[in-house]
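# Overview (structure and organization)
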Amino acid sequence: MKTSTDGLSILIAYNNYRKNLFFVNRVYQRKLVWTVSEKELLIDSILKQYALPSFLLSKDENKDTFEILDGVQRLSAIFEFIENKISVNGKYFNVDTFPFAKNLQSNGVFPKLSINKNMLLPADVCTDFLNFTILTNTISANSDETIDLFRRINSQGHSLSNQDRRRSGVVTNFATLVDEISTSLRGDVSQRIVNLKDMPSISLDDQRSKKGYKISIEDSFWFKTGILRRDNLVKSEDEEFIADLAASVISGTPFSASQENFNKLYDPNSSMSQSYETQLNSQGKDTIKKRIETVFSFVNSALITNQPDPKTNFQQVVSATNDNHNPSKYAFYAFFMAFYNLIYHKNKVPLNYTIIWRNITGLESKLAKGSHSIKVSDRETNITLVEGLLDPGFIFNKDELKKYSAGQILKQILEDCAGETERFEFKLGLYSFNPQTQKKTFNTKLVSNIAKKATSFANTPSHKSSYIMIGVADSDSDSYNASDLGIEPFKIGPISIVGIKRDLMLSGKSIDEYYQHYFSALSQEPVSEEMMTMLKGIKSYTYNGATVLSIKIDNTGKPEPYNGKYYRREGTNTVELNVPDLISLTQNLQKHMDD
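Calculation notes
Residues numbered from 1 in each chain as written. Predicted model: local features only at pLDDT ≥ 70, side-chain atom pairs only at ≥ 80, totals over all residues. Heavy atoms only, no water. Helix = DSSP H or I, 4+ residues; strand = E, 2+ residues; numbered from the N terminus. Rg over C-alpha atoms; globule rule 2.2 N^0.38 Å. Buried < 20%, exposed > 50% of the residue type's maximum accessible area, 1.4 Å probe, protein only. Contact = heavy atoms within 4.5 Å. Areas by Shrake-Rupley, 256 points an atom, 1.4 Å probe, with all protein chains shown as cover. Lys, Arg positive; Asp, Glu negative; His and termini not counted. Charge placed at Lys NZ, Arg CZ, Asp CG, Glu CD. Salt bridge = Lys/Arg side-chain N within 4 Å of Asp/Glu carboxyl O. Core = buried A, V, L, I, M, F, W, Y, C linked by side-chain atoms within 4.5 Å. Pairing = 2+ DSSP bridges. Axes fitted to C-alpha atoms, helices over the stretch in contact; angles between N-to-C directions.

Across its full length, the chain carries 25 helices and 22 strands. For 595 residues, the compact-globule estimate of 2.2 N^0.38 gives 25 Å, and the chain sits close to it at 26 Å. The principal-axis extents of the C-alpha atoms in the chain amount to approximately 70 × 70 × 55 Å. Counting across all 595 residues of the chain, residues that qualify as buried make up 52%. When contacts within the chain are restricted to residue pairs at least 6 apart in sequence, those whose partners lie at least 24 apart make up 71%. In the structure as shown, the chain presents an accessible area of about 27,500 Å², 48% of it carried by carbon and sulfur atoms. Here the chain holds 70 positive side-chain charges and 69 negative ones, and the gap between their average locations is 3 Å.

Encoded structure:
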C-alpha cells in the first residue's frame with residue numbers, strides 16, 4: 001500500500017465533485033447521517049479557518065477517480081453549502097463569487113435561491129472559503145487492503161453503529177443478501193459504487209431533523225408499523241433485524257440473537273459465518289431472498305394495506321397501549337417467522353385480516369423476552385404461540401402465493417431503475433383526465449409515443465432489457481392526478497405506483513376491453529413486426545393491490561425504425577439518429593448480438 005499526502009483547495013475539490021470524480025463504496029460506507037447542525041458546525045469551522053482532520057481517499061489505478069474512505073459526511077456538507085442547500089447563522093454562500101458553480105446553477109444543475117442579498121456572505125469570505133485547503137491522504141491499494149484500512153479506522157471510534165461497523169467490507173453472500181433485502185424495504189437500492197452527488201438520494205431523512213435527504217424514515221415499513229424508531233433506522237438496526245430473520249430462515253431454526261453472535265455472523269473467519277454461508281449457497285441466495293421478500297409482501301399487506309385503524313399501528317396493538325413507544329422487535333420477529341411457517345411450511349396465505357389484528361392484540365405480554373439475548377427455545381415457543389394465533393386468519397391458497405411472487409418481480413424491476421433510468425419509461429395511464437372539466441379521453445398520441453420510445457430502446461445496445469411501465473407515475477404531479485380520482489399511490493423507493501385502476505375507472509372498461517383498445521391503437525403504429533410483437537407482449541404484475549402493466553423491450557440485432565426514422569435512448573431522452581450514427585449503430589448492434 002502506498003500513501004501520498006497533499007493539500008486540496010475546496011475550489012478544486014468542488015470541481016472534482018461536479019466532474020464526477022468522487023465515489024462511495026457501499027460495501028463498507030454507510031449512508032449520509034449528519035444533521036443540519038452538524039453540517040453548519042463544520043462550515044463555521046472552515047469559515048473561521050480552523051484546521052480539519054485529514055480526508056482519506058483511495059485512487060483508482062485506471063482512472064482519475066477517488067473512493068472516499070474517510071470524509072464522506074464532511075465533503076458532502078461542504079458541497080451542499082456551496083450549492084445553497086444549507087446556511088451558517090442565516091448566511092448563504094454567494095454563488096456569484098464562484099464562476100464554475102454559477103454556470104452550473106444557470107444550467108439548472110442546482111436551483112437558485114430567491115433570497116435577499118443581505119443573506120449572502122461577503123465576497124471575500126466566500127473566496128477564503130473556496131481557497132481553504134483540506135489535507136488529503138491518498139492511498140493506492142488493492143480492494144482487500146482498502147477494506148482493511150477502513151475497518152481499522154472505524155474499529156475504535158463511535159462514529160459507526162454496531163451494524164455499520166460489523167458490515168463494513170464484508171462481501172459474503174449472506175451480507176449481500178441482507179443488504180439487498182434491507183435496501184429494498186427502505187427504498188435506497190443502488191449500485192455498489194455510488195457517485196458522491198447521488199448519496200443524498202439514498203440516505204435517510206426524517207420530518208424532525210430535515211437533513212435534506214431523499215428517503216423518508218416516516219414512509220418506511222419499519223417506522224409506519226412502529227417496529228423500529230427513527231434512531232434505530234439511523235443506526236442500521238433494520239439491517240441487523242433482517243440478518244436475524246435471514247439467519248433463522250436459512251438454518252430452519254431461530255437464530256441465537258446477541259451482539260456477539262451478530263459479530264460472528266459477519267466475520268468470514270468464524271465457524272458460524274462459514275456454516276451459514278455453506279447453507280445459503282446450498283439453498284440458493286436468490287431462493288432465500290425471494291421467500292423473505294414474498295413474506296414481507298404479505299406482512300406489508302396485513303400491517304399497512306389492511307391496517308384497520310390508521311391511527312393505531314402494529315406496535316401499539318401488540319403492546320395494547322398508545323403510551324408505549326418502545327420498538328416491538330420481539331413481537332415482530334415471532335410474527336414474521338409465524339407468517340413464514342404458515343406460508344412456506346403449510347402453504348397458507350392470510351385471508352381474514354380482522355382475525356389477525358384481533359388475535360395479536362396485547363401480544364407482547366404473552367411473549368418470552370431477554371435483557372441481553374433470548375434463548376432459542378424461548379423464540380421457538382414464541383413463534384409457535386403466534387402461529388397458533390394467526391392460523392385462523394389464513395387459508396390454503398397456492399394461487400395467491402403465485403400472485404405475490406409476481407408482485408415481487410415487479411418490485412425487483414422497479415428497484416433496478418434506481419441507477420439506470422435510461423432503461424425505463426413510466427406512463428401514468430393511457431387515458432387523459434382533466435379534473436376541472438372532468439373530460440376523459442383515450443390518448444392515441446401516448447400510444448404513438450410508447451411505440452417510438454420502444455424503438456429507441458431497441459436501438460440502444462444493452463445486455464439488459466428495457467421496460468415501459470403503465471400505471472407508474474413519472475412525477476409527483478402525476479401521482480397527485482391519480483389522487484383526484486380517489487386512488488392513493490404508494491412508493492417503491494422514489495417511484496410512485498398508481499396501477500391501471502385509474503384507467504379502468506376513467507374508461508369504464510373491463511381489463512380485456514382495455515387491452516383491446518390499446519392493441520387496436522397499436523396496430524396503426526409504423527413499426528416492424530418484431531417491435532409489434534414486443535409491444536403486444538404485455539405482462540401484468542400486482543403488488544400491494546395495484547396492477548401495473550409491463551412491456552419488455554430488447555435489441556433485435558438491427559436498427560428499428562419508427563415511421564421511417566431511427567431513434568436511440570440518451571439518458572432519459574429520445575434522440576433522432578443521423579446517417580453516421582445509424583451506420584455505427586448497425587455495427588454496434590450486430591457486435592452486441594454476437595457477444
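Positionally, S496 belongs in strand β17 (residues 495–497). Looking at S496, the relative accessible area reads 5%, which means it is buried. Along the chain, S496 and F150 lie 346 residues apart, while their C-alpha atoms are 37 Å from each other.

Turning to the pattern of salt bridges, a few remarks are in order. Tallied over the full model, the rule gives 33 salt bridges. Here E180 ties to K289 by a salt bridge, and the two come within 3.4 Å at their closest N and O atoms. Placement of the pair is E180 in helix α8 (residues 173–186) and K289 in helix α14 (residues 285–305), with a sequence separation of 109 residues. Of the residues examined, E180 reaches a relative accessible area of 26% and is grouped as partly exposed. The partner of D286 in a salt bridge is K285, with the nearest N and O atoms 3.9 Å apart. D286 sits in the exposed class, given a relative accessible area of 56%. Because the salt bridges share partners, they merge into one network encompassing R26, K31, R186, D188, D238 and E239.

Turning our eyes to something else, we now look at the nonpolar core. Of all hydrophobic cores here, the largest spans 66 residues; its most connected members are F174, W222, F296, F332, F335, F339 and L390. If you tally residues by element for this core, the top one is helix α16 (residues 329–345), at 13 residues. Ignoring sequence-local partners within four residues, the contact set of L390 consists of F335, A338, F339, L342, I356 and I360.

Reading across the sheet, the 6 strands line up as β1-β5-β3-β4-β2-β6 and stay open at both edges, with mixed pairing between neighbours. Since the sheet does not close on itself, it has two edges, and those belong to β1 (2–9) and β6 (193–195), each with one partner. For this sheet, the mean inter-axis angle between neighbouring strands, taken without regard to orientation, is 40°. Pairing between strand β3 (residues 55–59) and strand β5 (residues 133–140): 4 bridges, direction parallel. The residue bridging L56 from the neighbouring strand is N137, located in β5. This element, helix α3 (residues 72–82), spans β2 (22–25), β3, β4 (66–70) and β5 of the sheet and lies at about 115° to β4.

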